[in-house]
Amino acid sequence: MIFTGNENGTVPAESRIRRVQFICLLAVVLMELAFFALEDRAWGVAYLMVERYLTLPAMAFLGASFCRELPRRSQWYLYAGLAMAALFFLNQILHQVLEAEAKEIGTFVCAYCLCFPFAAATGDAQRQRGLKWMAGLFLAAGILLTGYTGLLLADALPECLKAYVKWDGGRLYAMGHPNICATLLMISMALSAGFALKSRRLWVKGLLEVLLALQFATLSLTNGRTTIILTCLLMGGITFCALRGHGWKRFAVALLAAVVVMAGLFGASRAIYGWNQTRLMQQASAESAQEEAPTGESGTPDVLVSEQYQGTLANDLKTLNGRTEIWRTALLGLEDNPRVKFIGTEYVDMILTRYAPLTVYHTHNSWLEALYRMGLPGLAAALVITALTLWSAAVVLWRNMDLWKSCIALLALCLLGCAMLEPYLFVVDVSYHYLDFLFLMCLGYLCLWRGEKAA
């Protein structure tokens, strides 16, 4: 330990350094809060802020961390994060040499140099203050989205929000896409459940349980089917962890309760979405009839067109809502552009669109996206992170009876499930960077919890 204190009680240098580390995380959380709250993201204000300035707290965090006397294992997390940042930086230099428009690296550096090593570099595995701060950010985002939805249903949404919170056909649209909105609500639900299980105050538990129900209803309105299924599995898993105990009878009861919860939630989500779909169609038909009267022209309401395009759950399961075709397109692009396999590209959308009838902006898979953006080295790093997550989460779920830690482990696994169909993880794109921040911070804590004795 490094101390600069004296008999007068001067604050130890170690405490000052740790304070700087937490201030850096607080700066990131506040910037992310602005990103969630600012509804002019489309104009580039929040995007520019996070791309360019998130590097500053990350570099300050690294500097403070290397000034501390850390165990070798904790140093490993810092070096691993630096290695990932260096890999991305070299990748961007190669792209610039090839006259490509390389991206800003602020979000990537912050994810791997601050969020991933945070738990180890601060020694926060037990108190988990940093994780709770980040969890509070996503809980606030879930509350914000739930509040927006309430205003939308009541037709009381402020004019400034109408372009950003609306119905995309019959689906709730917010945060740029229904699927992103659904993922944020899934995260907020996991954290709400974790905080409720962790809290000792009955009124807090009750409030969080009400919030859970409201968030699930909001999630159902997005019709993000993959995320809804994962959320049902998540809630079932939490139920199982809460009820399991020693002996096969407790295990069987917990498993049965988990199945009932999963089936009940999925049925409820279909009923809630069906109710809203019918309501919107009736409202659209009434408005269309009023417009027909003076003009004599008829047409199909937009909500009906959108629902026809959306398809059904049974049909979409066969192609994962068209994603299997996009993956086939991505593989064709790799065959015709072998250089992408080694150094990646900044023009993923341009390559994919050459082989698809419509514009495709990304590969709809986090591992394929890592391959396209950073080549085989990026894919290898993504696979290592995946294996580390699966291992750490499995050990924590098996050995640890702490329900809060179980919620975090299940959340990390569900985020991997979302990453199968969307480019949410690993490359830290500015559009989804906050998901990487939470995922990597959870992974950092899970890795430390994995090494603890069974509790």
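Computed from a prediction, not measured in an experiment: that's the story for all the values here. (Residues numbered from 1 in each chain as written. Predicted model: local features only at pLDDT ≥ 70, side-chain atom pairs only at ≥ 80, totals over all residues. Heavy atoms only, no water.)

## Some thoughts on the overall build of the protein
Helix and strand counts for the protein come out as 19 helices and 2 strands. Evaluated residue by residue, the protein yields a buried proportion of 51% over its 455 residues. Put simply, of all contacts in the protein between residues at least 6 apart along the chain, 73% involve residues at least 24 apart. (Helix = DSSP H or I, 4+ residues; strand = E, 2+ residues; numbered from the N terminus. Buried < 20%, exposed > 50% of the residue type's maximum accessible area, 1.4 Å probe, protein only. Contact = heavy atoms within 4.5 Å.)

## Here's the deal with the confidence of the model for the protein
In the predicted model, the protein carries a mean pLDDT of 85, and the fraction of residues at 70 or more is 87%. Here residues 1-10 is modelled with pLDDT under 50, and outside its nearest four sequence neighbours on either side it reaches 15 contacts, counting other chains as well. (pLDDT = per-residue confidence, 0-100.)

## What to know about unusual backbone geometry
Glycine aside, the phi torsion of most residues is negative, and most peptide linkages are trans. We note that His364 has phi near 55°; this positive angle belongs to a residue other than glycine. With respect to the secondary-structure elements, His364 resides in the loop between α16 (348-353) and α17 (366-399). Not every positive phi belongs to a glycine, and Phe426 is a case in point at roughly 85°. Relative to the helices and strands, Phe426 resides in the loop between α18 (403-419) and α19 (433-450). Classification of Phe426 as buried rests on a relative accessible area of 4%.

## Quick look at a nonpolar patch on the surface
Among the surface-exposed residues, Phe89, Leu90, Ile93, Val97 and Leu98 lie close enough to one another that they form a single nonpolar patch of about 470 Å² accessible area. The residue Phe89 is located in helix α4 (residues 72-97) in this model. (Patch = residues over 30% accessible without salt bridge, like charges linked within 9 Å, V, L, I, M, F, W, Y side chains within 5 Å. Areas by Shrake-Rupley, 256 points an atom, 1.4 Å probe, with all protein chains shown as cover. Salt bridge = Lys/Arg side-chain N within 4 Å of Asp/Glu carboxyl O.)

## Points about the packing of aromatic side chains
According to the stated counting rule, one finds 18 aromatic pairs in the structure shown. Plain terms: the ring middles of Tyr77 and Phe116 are 5.6 Å apart, the flat faces sit at 55° to each other, and that makes the pair tilted. Of the two residues, Tyr77 sits in helix α4 while Phe116 sits in the loop between α5 (106-115) and α6 (118-122), which places them 39 residues apart along the sequence. Comparing Tyr77 with Phe116, the two get one shared label, buried. Each ring, one from Tyr445 and one from Trp449, has its centre 5.9 Å from the other, and the planes form 50°; the classification is tilted. Of this pair, Tyr445 and Trp449 both sit in helix α19, 4 residues apart, roughly one helical turn. According to the relative accessible area criterion, Tyr445 is buried, its value standing at 0%. In textbook terms, an aromatic cluster arises when at least three aromatic residues are bridged by ring pairs, as seen for Phe22, Phe61, Phe118 and Trp133. Its guanidinium or amino end placed over the ring of Trp275, Arg279 lies 5.6 Å from that ring's centre, counting from NZ or CZ. (Phe/Tyr/Trp six-rings, centres within 6.5 Å; stacked < 30°, edge-to-face > 60°. Lys NZ or Arg CZ within 6 Å of the ring centre and 35° of its normal.)

## Let's talk about the packing of helix α1 (residues 13-37) against α19
In contact at an axis separation of 11 Å, α1 and α19 are set at 145° when each is read in the N-to-C sense. Relative to α19, the crossing made by α1 is left-handed. Touching Leu25, Val28, Glu32, Phe35 and Phe36 of α1 are His433, Tyr434, Phe437 and Met441, all from α19. (Axes fitted to C-alpha atoms, helices over the stretch in contact; angles between N-to-C directions. Left-handed = near helix turned anticlockwise from the far one by under 90°.)

## Some details on the environment of Leu137
Checked against the element boundaries, Leu137 lands in helix α7 (residues 129-153). For Leu137, a relative accessible area of 4% corresponds to the buried category. Linking Leu137 and Leu33, residues 104 residues apart in sequence, is a C-alpha distance of 6.6 Å. Filtering out sequence-adjacent residues up to four positions away, Leu137 remains in contact with Val29, Glu32, Leu33 and Phe36.

## A short note on the state of the cysteines
All chains considered together, the criterion is met by 0 disulfides. The thiol of Cys113 is not disulfide-bonded; the next cysteine sulfur, from Cys110, is found 8.7 Å away. For Cys113, a relative accessible area of 1% gives the class buried. (Disulfide = S-S within 2.5 Å.)

## Observations regarding the pattern of salt bridges
Inspection of the entire model under this criterion finds 6 salt bridges. Glu325 serves as the salt-bridge partner of Arg328, at 2.4 Å between the closest nitrogen and oxygen. Linking Arg328 with Glu325, this pair stays in helix α14 (residues 323-336), spanning 3 residues, or about one helical turn. Judged by relative accessible area, which is 41%, Glu325 ranks as partly exposed. Notably, a salt bridge pairs Glu369 with Arg373, separated by 3.1 Å at the nearest N-O pair. Placement of both Glu369 and Arg373 in helix α17 is noted, with a separation of 4 residues, approximately one turn of the helix. The buried category is assigned to Glu369, whose relative accessible area is 1%. Relative accessible area serves as the criterion here: at 14%, Arg373 is assigned to the buried category. Connected through shared salt-bridge partners, Glu369, Arg373 and Asp429 make up one network.

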